[in-house]
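# Breakdown of the fold
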Amino acid sequence: MTMGFDLGHSSSDSTYSSKLLATCLIGGVVMGVSVLGLYLAFPPLLPLSWRRKKKPIRVYMDGCFDMMHYGHCNALRQARALGDQLVVGVVSDAEIIANKGPPVTPLNERMIMVSAVKWVDEVIPDAPYAITEDFMKKLFDEYNIDYIIHGDDPCILPDGTDAYALAKKAGRYKQIKRTEGVSSTDIVGRMLLCVRERSVSDSHNHSSLQRQFSHGHSQKFEDGGSGSGTRISHFLPTSRRIVQFSNGKGPGPDARIVYIDGAFDLFHAGHVEILKLARELGDFLLVGIHTDQTVSAHRGAHRPIMNLHERSLSVLACRYVDEVIIGAPWEVSKDTITTFNISLVVHGTVAEYNNYPKGKEDPYAIPISMGICKQLESPLDITTTTIIKRIVSNHEAYQVTCLILACGESNKVRHGLSNHRMGNKLHKDVSNPGPIARLSSDTILNDQLF
């Protein structure tokens, strides 16, 4: 009986041991699979020494970026999309003068403008006008550039060679699509026409300058209305383009929203610096952009130079701006303040108009009465009028520019040059199809601006 009991107990122990062993084996497999799953799903949880760091792709684009506009910004946006970090070379004043003629905006202002574009990670000042083999080597070795970016327009040097042949040969060249409908030369033409319109009593009787720009008629004569005198642009706004330029983020629930408004015509360094100051006063910067009609009513029928959507894109491209109101009212109303939950309204000391017409109420009267209005000391004494005056002061150089635009196609056929190069070197500004070059009267059509 005792043996029977002992045998029964031994059999039971054996079964139990087998089950335990099987359970341990299965548990070990499950645990191993779980650890493997964690390794594959969450590599950051592993020690740094076990991880392999991915090298960021750095791309380079250069240009003069004179009178920077949304076309330049869109080129930079596209370039940034081709890599992880965008390095931008800004050509020096001396190089521009030697190759194209005097720039409208000096290097320090152009640096401010390029640095403020939200897709730019790093800026190289005094970049050379032409990418030589030595400079390309410097880009690759010192700046760790992976690719050099340029627009899809051909860039042929006077000797017939491709300006980006070296980068292409090295397999380090990528191409983007040029933004249609705007160029620096086009904007110069609008400004010169603006100046002329002010001095000509008969608006229907324009000189050859008017005929040189297909968009060069006042809007009120084009559409029969009495709206603004803004030059009709070739720019066709789309919701997709606006989305591309937008941040896509709204303010947080407790965000301090700062509001600043204006025309922001010919978006310049003065605008950038005041927007930077405004952004520092809160968590979210909302910018109101006045309609073309509002700007014309307060600055004259010849303004604005850029239309509402063009101005909106330029402002949206600025890294200090979180959101814009396209077509903001002239007066900052209680409804605007409530709707957008505005905490503070600001404006600068430098503006086209600070003295309001007699009988007209201060547009900031309501935020002032609410104790939420603040005037900021403008860092730079620059306005849209400042830019226009610079154009006029360099009348001869820009006269040549506009005439080149009129005869550019015939010149390209006659001289075998691209729109980006008229003279000794190729212009590398990807968003400017027309050059600002010094040419003799023999190389342009016999015509006059004034």
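In the block above lies the structure referred to throughout.
Residues numbered from 1 in each chain as written. Predicted model: local features only at pLDDT ≥ 70, side-chain atom pairs only at ≥ 80, totals over all residues. Heavy atoms only, no water.

## Topic: the overall build of the protein
Across its full length, the protein carries 17 helices and 10 strands. Relative to its 450 residues, the protein shows a buried fraction of 48%. Pairs at least 24 residues apart make up 78% of the contacts formed inside the protein by residues separated by at least 6 positions. As presented, the protein carries roughly 22,200 Å² of accessible surface, and 55% of it is formed by carbon and sulfur atoms. (Helix = DSSP H or I, 4+ residues; strand = E, 2+ residues; numbered from the N terminus. Buried < 20%, exposed > 50% of the residue type's maximum accessible area, 1.4 Å probe, protein only. Contact = heavy atoms within 4.5 Å. Areas by Shrake-Rupley, 256 points an atom, 1.4 Å probe, with all protein chains shown as cover.)

## Notes on the packing of aromatic side chains
In this structure the tally under the stated criterion is four aromatic pairs. On the numbers, 5.2 Å between centres and 75° between planes, the contact of Trp119 with Phe245 is edge-to-face. Pair noted here: Trp119 is in the loop between helix H4 (107-115) and strand S3 (122-127) and Phe245 is in helix H10 (residues 239-245), with a separation of 126 residues, a long-range link. An identical accessibility class is assigned to Trp119 and Phe245; each is buried. A ring pair is formed by Phe264 and Phe267, whose centres lie 6.5 Å apart and whose planes are at 50°; its orientation type is tilted. Like Phe264, the residue Phe267 is buried in the burial classification. For Lys168, the ring lying beneath its charged end belongs to Tyr173, and the centroid distance is 4.9 Å. Positioned above the aromatic ring of Phe140 is the side chain of Arg172, whose terminal nitrogen or guanidinium carbon lies 3.9 Å from the ring centre. (Phe/Tyr/Trp six-rings, centres within 6.5 Å; stacked < 30°, edge-to-face > 60°. Lys NZ or Arg CZ within 6 Å of the ring centre and 35° of its normal.)

## Some points on the sheet that holds strand S4 (residues 147-151)
Sheet architecture is open: five strands sit in the order S3-S2-S1-S4-S5, paired in parallel fashion. The two strands at the open ends of the sheet, each matched to only one other strand, are S3 and strand S5 (173-176). Put simply, the sheet's adjacent strands are angled 30° from each other on average, direction ignored. Here strand S1 (residues 58-63) runs beside S4; their pairing, made up of two bridges, is parallel. Residue pairing across strands places Tyr60 opposite Ile148, the latter belonging to S4. Strands strand S2 (85-91) and S3 of the sheet are contacted by H4, whose axis makes an angle of about 165° with S2. (Pairing = 2+ DSSP bridges. Axes fitted to C-alpha atoms, helices over the stretch in contact; angles between N-to-C directions.)

## Points about empty space enclosed by the protein
With the rule as written, the count across this model stands at three cavities of 30 Å³ or more. Quantified by volume, the second largest cavity comes out at close to 180 Å³. When residues of the lining of the second largest cavity are traced back to their parent elements, those giving at least two are H4 and helix H13 (308-316). For the lining of the second largest cavity, the class distribution of residues is 11 nonpolar, four polar and four charged. (1 Å grid on protein atoms, 1.4 Å probe; cavity = no way out; pocket = protein on both sides within 12 Å on 5 of 7 lines; lining within 4 Å. Points joined across faces, edges and corners; volume = space filled by probe spheres on them. Nonpolar A, V, L, I, M, F, W, Y, C, P; charged D, E, K, R; others polar.)

## Points about the environment of Val295
By secondary structure assignment, the location of Val295 is in helix H12 (residues 292-299). With 35 residues separating them along the chain, Val295 and Trp330 place their C-alpha atoms 8.9 Å apart. Not counting residues within four places of it along the chain, the set of residues in contact with Val295 comprises Ala263, His290, Gly300, Arg303, Pro304 and Arg311.

## Details of the pattern of salt bridges
On inspection of all chains with the given rule, the structure shows 11 salt bridges. We note a salt bridge from Asp93 to Arg110, for which the minimum N-O separation is 2.5 Å. Here Asp93, found in helix H3 (residues 93-99), pairs with Arg110, found in helix H4; they are 17 residues apart in sequence, far enough to count as distant. Among the residues examined, Asp93 registers a relative accessible area of 24% and is labelled partly exposed. Since its relative accessible area comes to 1%, Arg110 is described here as buried. A salt bridge links Lys137 to Asp141, with the nearest nitrogen and oxygen atoms 2.7 Å apart. One end of the pair is Lys137 and the other is Asp141, both in helix H5 (residues 133-141) and four residues apart, which spans about a single turn. (Salt bridge = Lys/Arg side-chain N within 4 Å of Asp/Glu carboxyl O.)

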